[in-house]
Amino acid sequence: EGMEVPALRPRCQANSGATPFVALSAMFESQERDYGATLTRQGIYEQSVTPDLIVFTGNNTTIYSFGHLDLRKHGPIVLEAPAGTLGGIDNHWQYPLSDIGPFGPDKGKGGKFLILPPGYEGDVPEGYFVVQSDTLQNFYLLRGVPKNGDTQGAVDMLRTARLYPLSE
């Protein structure tokens, strides 16, 4: 009686609010450490999700490729998405910045997405779908959907995706 109980709500909100940021940070670190991922060397998960392959919210009919876009290290980055892919580009908080595919500016035809760092004031060449980020670390996801059970076709399509600094 008379004892005050500290408010837990702000701590819980801070913890749950930081989860997307921390989860992506861990993914970026583990992809580099465990798989040797770099900007120009990204992985493709060549099999659909199974109980042995854990992909949060993944499904068993899709081939995935996803990775880290480090705008602090590379400056503006170009993502060349092949026609027929589905996906998107998110900031470090997992907030969507742009869809890729039928719901994106490419309308499913693929194209060059130019991801710009916060406060970017340099030249922006024509011919790109411009994505202005509000964080220096970003995430992209591309999905290849096998047609008529052609998993290898979906893998091959994702292999044509390209990532590189705009300076190149």
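Going by the structure above, here's the rest.
In this report, the structure presented in the accompanying data block is examined. As a convention, each chain's residues are numbered from 1 in the sequence order in which they are written. Thresholds applied to this predicted model are a pLDDT of at least 70 for local features of residues and 80 or more for the giving and counting of side-chain atom pairs; totals over whole chains, interfaces and linings are not thresholded and use all residues. Just so you know, side-chain values use all the structure's heavy atoms and leave hydrogens and water out.

So, the overall build of the protein
Quick reminder of the rule: Put simply, DSSP H or I for four residues or longer makes a helix, DSSP E for two residues or longer makes a strand, and each gets a number counted from the N terminus. Three labels apply to residues, based on accessible area from a 1.4 Å probe with only protein chains included: buried if under 20% of the type maximum, exposed if over 50%, partly exposed otherwise in between. We call two residues in contact when some of their heavy atoms are within 4.5 Å.
On a plain count of helices and strands, the protein comes out with three helices and nine strands. Counting helices and strands in the order they occur from the N terminus, the protein gives α-β-β-α-β-β-β-β-β-β-α-β. By residue count, 38% of the 168 residues in the protein fall in the buried class. Partitioning the contacts of the protein with sequence separation of at least 6, the portion at a separation of at least 24 is 64%.

Notes on the pattern of salt bridges
The condition is simple: The salt bridge definition used is simple: a Lys or Arg side-chain nitrogen within 4 Å of an Asp or Glu carboxyl oxygen.
Going through the model one piece at a time under the given rule, you end up with two salt bridges. Between Glu 29 and Arg 33 there is a salt bridge, with its nearest N and O atoms 3.3 Å apart. Here Glu 29 and its partner Arg 33 are both found in helix H1 (residues 9–35), four residues apart, which amounts to about one turn of the helix. Arg 159 is paired through a salt bridge with Asp 156; the nearest N and O atoms lie 3.4 Å apart. Using a relative accessible area of 37% as the deciding quantity, one classes Asp 156 as partly exposed.

Examining the packing of aromatic side chains
Rules: Only Phe, Tyr and Trp rings are paired, with Trp represented by its six-membered ring, and only when their centres lie within 6.5 Å; those with planes under 30 degrees apart are stacked, over 60 edge-to-face, the remainder tilted.
Scanning the entire structure with this criterion turns up two aromatic pairs. Where Phe 66 meets Phe 139, the ring centres are 5.9 Å apart and the plane angle is 45 degrees; that geometry is what we call tilted. Taken together, the residues Phe 66 in strand S2 (residues 63–70) and Phe 139 in strand S8 (residues 137–144) connect sequence positions 73 residues apart. Since its relative accessible area comes to 10%, Phe 66 is described here as buried. Consider the rings of Phe 113 and Phe 129, whose centres lie 5.1 Å apart with planes at 40 degrees: the pair is tilted. Of this pair, Phe 113 sits in strand S6 (residues 111–116) while Phe 129 sits in strand S7 (residues 129–132), and the two are 16 residues apart along the sequence.

A closer look at the sheet that holds strand S9 (residues 162–165)
Applied cut-off: Here, any two strands with at least 2 DSSP bridges between them count as paired. With axes taken as lines fitted to C-alpha atoms, and helix axes fitted only over the stretch in contact, angles between N-to-C directions fall between 0 and 180 degrees.
The strand order across the open sheet formed by four strands is S7-S6-S3-S9, and the pairing between neighbours is mixed. The open sheet has two edge strands with one neighbour each: S7 and S9. Between one strand axis and the next, the sheet turns by 20 degrees as a mean value, whatever way the strands run.

What about the sheet that holds strand S4 (residues 86–91)?
Spatially, S1-S2-S8-S4-S5 is the arrangement adopted by the five strands of the open sheet, whose pairing is antiparallel. The open sheet terminates on both sides in strands that have one partner only, identified here as strand S1 (44–45) and strand S5 (96–100). Across four bridges, S4 lies against S5 in antiparallel orientation. Opposite Ile 89, over in S5, you have Ser 98 as the bridge partner.

Concerning helix H3 (residues 151–158)
Using the following cut-off: Arc, as used here, means the arc of the directions from the helix axis to the C-beta atoms.
Where H3 is concerned, the buried positions are Ala 154, Val 155, Met 157 and Leu 158. Seen along its axis, H3 keeps its buried residues to an arc of 160 degrees; they face one direction. Those residues of H3 that are buried are in contact with S1, S2 and S8.

Comments concerning the environment of Phe 129
Looking at Phe 129, the relative accessible area reads 26%, which means it is partly exposed. Considering only alpha carbons, one finds Phe 129 and Lys 112, 17 residues apart in sequence, at a separation of 6.2 Å. The contacts of Phe 129, once residues within four sequence positions are left out, are Pro 105, Asp 106, Gly 110, Gly 111, Lys 112, Phe 113 and Leu 114.

Concerning the environment of Lys 112
Along the chain, Lys 112 falls in strand S6. Under the relative-accessibility criterion, Lys 112 is labelled partly exposed at 34%. The spatial distance from the C-alpha of Lys 112 to the C-alpha of Pro 82 is 8.9 Å, given a sequence separation of 30 residues. When neighbours within four sequence positions are excluded, Lys 112 is seen to be in contact with Val 78, Leu 79, Glu 80, Gly 127, Tyr 128, Phe 129 and Tyr 164.

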